[in-house]
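Secondary and tertiary structure notes
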Amino acid sequence: MKIQYLSILIGCFCIALSTSCKDDESGPVGATTSVTINFKAKYGDEPFILITDEFEYPDGKMIRFQEEFGMFISNLELLQAEGNDKEELREIAYLDFGANSSAAFADIPQSITIENVPVGEYKGIKFDLGVPSDLNAEKPNEFGADNPLSDASVYWNGWNSYTFLRLDGCYDRDGMGLGTTCNTAGGDNSTFTLHTGGDAAYREMSAFVQEITLRENEVAVFDFEIDVATIIGANGDLLDFGAESSLHTNDINSPQDIALINELMDNTANGAITIKN
C-alpha cells in the first residue's frame, strides 16, 4: 500500500512538473528587460513638420506635407548572436507622425516598448515594411481595439488592403508660391496623395547589424530616423510632381500606380530608415 501511494505521489509530481515546464516555455525564461524602439521623421537634415513648413525639392521647387504621414512596420525582432534564432518583439505596429505640427512635436518620437525580452547577446535588430499577407487578408473589424489593424482609416476597401504608407502634400508647380494652404497661391500648385498597399508592396528589410547586449533591469533603447526626402526620391530618381495637377496612387491595378508604389516602397526600404545609436 505504501508503495502504491508513493507511485501515485511520484506520478502527480511528474505531471505537475511537466505542466510547469510547458508554462515556462510559453513565456520568457530567466532574466528579462525592456526594449524601446524610437522613430523620428526628418526631411533631409530638417525636422519633418506638417502643414506649416516648406521644404525644397532637388528640382528647386517647394513642397509641403499636409496632415498625415504614417507607415506600418511588422515582424520586429532581435537576432540572436549565435546561429539564426530570433527573438520576436512585435508582430505589427503603425508609426503615425500626424502630430508633427511643430519642431517640438517633431522631436517626440513614435515609440514602441516591449517588455520581458530575454537578456543576452544579440547581433542586430530587424523589421519589415507593410502588413504581411496573412494579416493583410483580414479586415479591421477582425482585430481587437488595441491592435493598430483595427483602425478602419488605414484600410482601403477598394484595394482590399491596408495602406502600408501614407504621405500627402502639395508641390509648387509653377514656382509662384504655395500660399497658406495648398490651394491658395498666386499660381498653379499640384497636390499629391501617395498611398501604398497590396501584398506586392510588402518589403522585407535587411537587418540593422550591430553588437547588442541586453542586461537585466536596463532598458535598451534603439533610435531610428525616417528620411521623407529619400522616400520621395530626393536622393535618386525624382518623382514628377509637376506632370499633372494630382499625383495620386489611386488604382492598385494600374501599371503606372504600381510602378509608383514600388518606387516609394523601394526608396523606404533601401536607405530612408537609419539607426542612430
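Given the structure is predicted, the values throughout are model-derived calculations rather than measurements. Throughout this document, residue positions are counted from 1 along each chain, in the order its sequence is written. Given that this is a predicted model, residues contribute local features only at a pLDDT of at least 70 and side-chain atom pairs are listed and counted only at 80 or more, while totals for whole chains, interfaces and linings are drawn from all residues. Values reported for side chains reflect all heavy atoms of the structure, with hydrogen atoms and water molecules removed beforehand.

For the protein, the helix and strand inventory stands at 5 helices and 14 strands. In this scheme, a residue with accessible area under 20% of its type's maximum is buried, one over 50% is exposed, and one in between is partly exposed, where area comes from a 1.4 Å probe on protein chains only. Across the 277 residues in the protein, those meeting the buried criterion constitute 43%. When contacts within the protein are restricted to residue pairs at least 6 apart in sequence, those whose partners lie at least 24 apart make up 74%. Only the protein chains shown count as cover for residues, with accessible areas throughout obtained via the Shrake-Rupley method and a probe of 1.4 Å. Accessible surface for the protein amounts to roughly 14,200 Å². Of this, 49% is attributable to carbon and sulfur atoms. Helix and strand labels come from DSSP, where a helix needs a run of H or I of at least four residues and a strand needs a run of E of at least two; each type is numbered from the N terminus. Residue contacts are defined here by distance: any two heavy atoms, one from each residue, within 4.5 Å place the two residues in contact.

Glancing now at the confidence of the model for the protein. Predictor confidence is given residue by residue as pLDDT, running from a minimum of 0 to a maximum of 100. Scored by pLDDT, the protein has a mean of 86; 86% of the residues are at 70 or more. Note on residues 1–28: pLDDT is under 50 here. Beyond four places in sequence and across chains, it has 2 contacts.

The next subject is the nonpolar core. F65 and I232 are the most contacted members of the largest nonpolar core, which has 70 residues in total. No other element matches strand β4 (residues 62–80), which puts 8 residues into this core. Take the buried residues of types Ala, Val, Leu, Ile, Met, Phe, Trp, Tyr and Cys, join any two whose side-chain atoms come within 4.5 Å, and each joined set is a nonpolar core.

Let us now look at the packing of aromatic side chains. Two aromatic rings, drawn from Phe, Tyr or Trp (for Trp, its six-membered ring), form a pair once their centres lie within 6.5 Å of each other, and the interplanar angle then sorts them: stacked below 30 degrees, edge-to-face above 60, tilted otherwise. Tallied over the full model, the rule gives 20 aromatic pairs. Relative to F65, the ring of F48 lies with its centre 5.1 Å away and its plane at 50°, an arrangement referred to as tilted. Separated by 17 residues along the polypeptide, F48 in the loop between β2 (46–47) and β3 (54–56) and F65 in strand β4 bring together distant segments of the chain. With respect to class, F48 is no different from F65; both count as buried.

This next bit is on the pattern of salt bridges. Two side chains bearing opposite charge may form a pair once their charged atoms approach each other closely. Throughout this description, the term salt bridge denotes a Lys or Arg side-chain nitrogen within 4 Å of a carboxyl oxygen of Asp or Glu. Under the criterion given, the structure shown has 7 salt bridges. Residues E225 and K276 are paired through a salt bridge, measuring 3.9 Å at the closest nitrogen-oxygen approach. With a gap of 51 residues between them, E225 in strand β12 (residues 220–227) and K276 in the segment after β14 (273–275) connect regions that are remote in the sequence.

This part takes up the environment of Y162. Relative to the helices and strands, Y162 is located in strand β9 (residues 161–171). Sequence separation of Y162 and A152 is 10 residues, and the distance between their C-alpha atoms is 8.7 Å. Any pair of N or O atoms that falls within 3.5 Å is considered a polar contact. Within protein, one atom must be able to donate a hydrogen and the other to accept it, and sequence-neighbouring residues count only if both atoms are side-chain atoms. There is a polar contact of 2.6 Å between the side chain of Y162 and the backbone oxygen of L149.

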